[in-house]
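# Structural description and commentary
Residue-level listing of the chains:
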Amino acid sequence: MLRLRSAITRKHILCLAVAALAIPALPALAHHSNSAYQVDKIITLTGTVKEWRWMNPHTWLYLTVKDENGKAQDWAIEGRPPGILGRAGWSATVLKPGDQVTVHASPSKNGDRTGLIARVTLADGTVLGNAPDFNRVADAATAPIAPTVAAAKTSASERPSFAGVYYPAQGEGGPPRPPPPRPGAPLPPPTRSSPTADGSQGRGPDAPKLTPDYLAKWNVIAKSRISGSYEYDNIANCLPPGMPAMMSAAYGMEIMQDEQKITFFSEHQDALRRVYLDGRKPSQQVLADPTYAGYSTGHWEGDTLVVDTVAITDKSFIDGSSPHSGKMTVHERLRFVESGVLEDQITVTDPVALTEPWQTVRRYRKAAYPNDQLREFACAEGLREQKR
């Protein structure tokens, strides 16, 4: 009976394998990350919109393109999340079936007919980029006054109120923006869809300094990502960015504040952390149960919020790719450095994974009405679509 069952099983597997080979390869909907694409290369596709999916965690443009022989091919082009594209001029109805478009995209590493959107040009010449201008979105000087009560007052102890929605303060210490094109001049073609972050460029001079054991772990992670695998990509697997990575506030962040605690909510992955201000300390139960956000306690030193975070799971990464141990701690000092600009000085210490503390500074610009609204990310929506 065992031999017969084994023979039937082998025959069944063989039949399934033959059947699988007969199925034509089609672009598959999945939650990818940038490491799946050659982000420093751009291809140009001109074709007809088949479907436009305005969905989390990434949007998808399905396109029918004719090859050099006139044969129709289906492409699936991945876009950034609705929250990001919405601030760059896109919408759920900006593309419709039958529209003629030209797409600049980064091709996939595995050769599938998939890509990552860098720019889309509509038939009427409208250009849709893949990144918002956060400085414009957060500019309070020209924004109308919100139809609400007056801005939040400081507490009775005259502590500052950080409450509000913030976006990354672009241009803070970074390279200057390129000059705008001359009126009427065509836009030059994009050269990439996003920064290279798969490890193929090695570790930058400002990256955390890893010990030999953890550098070896990073090399394994980089090799996997360079291959296009998502095994070590938490974001592609719908996991939180963790601390301190979530404080990059890449898609915007809301701060909610009262006397007992401050809550940070990041649009990216709907990540959440709380900083307790009431004097409590992490219990042994908390320390034995590490999480992606960790456990944060804080206190005020004048106008500066001082925060210490412990109990951070070693399943997360320091800066998106650098591994750490369970002994990592994060120290922060947050304060307004100018009107509407909040600065977070971050120091990461890990006696096991780091040869020295790693320091970085983040700056966020407070948004004004009507740009002070974040969008739901709902990463699991993409996982559900992938299973269909």
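About the cut-offs
- Residues numbered from 1 in each chain as written.
- Predicted model: local features only at pLDDT ≥ 70, side-chain atom pairs only at ≥ 80, totals over all residues.
- Heavy atoms only, no water.
- Helix = DSSP H or I, 4+ residues; strand = E, 2+ residues; numbered from the N terminus.
- Buried < 20%, exposed > 50% of the residue type's maximum accessible area, 1.4 Å probe, protein only.
- Contact = heavy atoms within 4.5 Å.
- Areas by Shrake-Rupley, 256 points an atom, 1.4 Å probe, with all protein chains shown as cover.
- Pairing = 2+ DSSP bridges.
- Phe/Tyr/Trp six-rings, centres within 6.5 Å; stacked < 30°, edge-to-face > 60°.
- Core = buried A, V, L, I, M, F, W, Y, C linked by side-chain atoms within 4.5 Å.

## Regarding the overall build of the protein
Helix and strand content of the protein: six helices and 15 strands. Looking at the protein as a whole, 41% of its 388 residues qualify as buried. Counting only contacts in the protein whose residues sit at least 6 apart along the sequence, the fraction spanning at least 24 positions is 63%. Element-wise, carbon and sulfur atoms account for 55% of the exposed surface of the protein, whose accessible area totals about 20,900 Å².

## A few points about the pairing of strand β8 (residues 253–257)
With three bridges connecting them, strand β7 (residues 164–168) and β8 associate as antiparallel partners. Bridge pairing in β8 places Tyr166 opposite Met253. Summarising the sheet, β8 and strand β9 (residues 261–266) pair through five bridges and their orientation is antiparallel. Each residue of the ladder has a partner; that of Ile255, found in β9, is Phe264.

## Observations regarding unusual backbone geometry
Omega for the peptide link from Met243 to Pro244 comes to 5°, which places this bond in the cis form. With respect to the element layout, Pro244 can be found in the loop between α4 (212–226) and β8. The omega torsion across Tyr369 and Pro370 is 5°, close enough to zero to call that bond cis. If you trace the backbone, Pro370 turns up in the loop between β15 (358–366) and α6 (380–387). With phi around 50°, Ala249 is a residue other than glycine that occupies positive phi space. Looking at the element boundaries, Ala249 is found in the loop between α4 and β8. When its relative accessible area of 1% is taken as the criterion, Ala249 is described as buried. One non-glycine residue with positive phi stands out, namely Ala378, at about 50°. Counting through the fold element by element, Ala378 comes out in the loop between β15 and α6.

## Considerations on the packing of aromatic side chains
In total, this model carries seven aromatic pairs according to the counting rule given. Where Trp52 meets Trp90, the ring centres are 5.5 Å apart and the plane angle is 35°; that geometry is what we call tilted. Of this pair, Trp52 sits in strand β1 (residues 43–53) while Trp90 sits in the loop between α2 (82–86) and β4 (100–107); the two residues are 38 residues apart in sequence, bridging distant segments of the chain. No difference in accessibility class separates Trp52 from Trp90, as the two residues are buried. Between Phe162 and Trp300 the ring centres are 5.4 Å apart and the planes differ by 55°, which places this aromatic pair in the tilted class.

## Focus on the nonpolar core
Judged by nonpolar contacts, the single largest core of 32 residues is most densely connected at Phe162, Met247, Ile255, Ile262, Phe264, Leu305 and Val348. Breaking this core down by element, the ones donating at least two residues are α4, β8, β9, β10 (271–276), β12 (304–310), β13 (329–338), β14 (341–349) and β15. Each residue touching Ile262, except ones within four places of it in the same chain, is listed here: Phe162, Ile255, Met256, Gln257, Arg273, Arg274, Val275, Leu277, Trp300 and Leu305. Val49, Leu61, Val94 and Leu128 belong to the second-largest nonpolar core, a separate cluster that totals 19 residues.

Keep in mind these numbers describe shape, not what the thing actually does.
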